[in-house]
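Results of the structural survey
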Amino acid sequence: MTTAMLDLILPPRCAGCDAPGSLVCPRCAVELHGTPARRMPDPAPPGLPECWSAAEYTPAVRRAVIAYKERGRTVLAPPLAGALALAVATAAGERPVLLVPVPSARPAHRRRGHDPVARLAELAAGCLRQAGWPATVARVLAQRRRVADQAGLSSLQRAANLSTAFSVTIGRNAPVPRSWGGAEAIVLVDDIVTTGATLAEAARAMREVGVTPSFAATVAATRRRVRTGEPDGG
């Protein structure tokens, strides 16, 4: 029986602290939604756009993200997407937004059975529209080659691993958004920013086709400074 099915059958427990009664308890919800802010990795890789996140990567937020992304608790998508929408709204001001999710690696997509970041982007856009905010999603980024698992790599290793890994794919399932030449905020979306290597590579791929992202938005950002040669787990 899958984790998603168990979530529908069993009484809910908080993904952040395991307290009974709700998917995300009030205390963990404050950690997840309460502090949208500009949070940049230090040092930031070249080409990284300004990064905004809903929360710091506290233990409770980390457990919730991992439960959703790696352990099949897909019912956590709405609260995580709500946090992402807050980060986007805080950074965008009054501008309409176009969300461009960073794609999952193909092996990870097969293992998980879904693309968690794309799902968060779609739900976050829905949250924004419900609040009267013009928001759309363009799933135009694709991996042009295989990359290694990022866990445990240093910031330099992550950058090398992701170099030229993404491209912008235009076709029937990924049309050129009409707004790309207009006044919308074009927002790169990911779940977590750690070293910034993934978002920097996504921004490079966008600029390669003449589109400059306005900023990046994530659910959370790691607290610690990432030093050159230091392994990181995100």
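Report follows, based on the coordinates. Given the structure is predicted, the values throughout are model-derived calculations rather than measurements.

Definitions and limits used
- Residues numbered from 1 in each chain as written.
- Predicted model: local features only at pLDDT ≥ 70, side-chain atom pairs only at ≥ 80, totals over all residues.
- Heavy atoms only, no water.
- Helix = DSSP H or I, 4+ residues; strand = E, 2+ residues; numbered from the N terminus.
- Buried < 20%, exposed > 50% of the residue type's maximum accessible area, 1.4 Å probe, protein only.
- Contact = heavy atoms within 4.5 Å.
- Areas by Shrake-Rupley, 256 points an atom, 1.4 Å probe, with all protein chains shown as cover.
- 1 Å grid on protein atoms, 1.4 Å probe; cavity = no way out; pocket = protein on both sides within 12 Å on 5 of 7 lines; lining within 4 Å.
- Points joined across faces, edges and corners; volume = space filled by probe spheres on them.
- Expected span 1.5 Å × (residues − 1).
- Pairing = 2+ DSSP bridges.
- Axes fitted to C-alpha atoms, helices over the stretch in contact; angles between N-to-C directions.
- Core = buried A, V, L, I, M, F, W, Y, C linked by side-chain atoms within 4.5 Å.

Here the focus is the overall build of the protein chain. Of the regular secondary structure elements, the protein chain holds eight helices and eight strands. The buried share of the protein chain, reckoned over its 234 residues, is 49%. Excluding contacts between residues fewer than 6 apart, the proportion of contacts in the protein chain whose partners are at least 24 apart in sequence is 72%. Surface accessibility of the protein chain: about 11200 Å² in total, with carbon and sulfur atoms responsible for 55%.

Let us now look at empty space enclosed by the protein. Counted under the stated rule, the structure contains two cavities of 30 Å³ or more. Estimated volume of the largest cavity: approximately 50 Å³. If you go around the largest cavity, the residues you meet are Ala-15, Gly-16, Val-24, Cys-28, Glu-31, Leu-32, Ala-60, Val-61 and Ala-64. Only helix H2 (26–33) and helix H3 (59–70) provide two or more residues apiece to the lining of the largest cavity.

With that out of the way, let us pick up H3. Along an α-helix, residues three or four positions apart point the same way, because every turn accommodates 3.6 residues. Its 12 residues give H3 an end-to-end C-alpha distance of 16 Å, which sits within 8% of 16 Å, the value for a rise of 1.5 Å per residue. Looking at the buried side of H3, the elements it contacts are H2, strand E2 (51–56), helix H4 (77–92), helix H6 (116–130), strand E7 (185–193) and strand E8 (215–221). Gly-72 sits one or two positions beyond H3 and adopts a positive phi of about 75°.

Let us now look at the sheet that holds E2. Spatially, E1-E2-E8-E7-E3-E4 is the arrangement adopted by the six strands of the open sheet, whose pairing is mixed. Looking at strand neighbours, the two that pair on one side only are strand E1 (37–38) and strand E4 (135–137), the edges of this open sheet. The sheet contact formed by E2 and E8 spans five bridges and is parallel. Pairing of Ser-53 across the sheet is with Thr-218, part of E8. Against the sheet, helix H8 (residues 197–208) makes contact with E2, strand E3 (97–101), E7 and E8, and its axis sits at roughly 155° relative to E7, the strand it touches most.

Residues Leu-80, Val-97, Leu-99, Leu-120, Val-187, Phe-215 and Val-219 are the most contacted members of the largest nonpolar core, which totals 39 residues. At 11 residues, H4 tops the list of elements feeding residues into this core. When near neighbours in sequence (up to four residues on either side) are disregarded, Phe-215 contacts Pro-49, Glu-50, Trp-52, Val-88, Ala-91, Ala-92, Arg-95, Ala-185, Ile-186, Val-187 and Leu-188. Counting residues in hydrophobic clusters, the runner-up holds 23 residues, among them Leu-188, Ala-203, Ala-205 and Ala-221.

Everything listed here is a matter of coordinates, which is why it stays silent on function.
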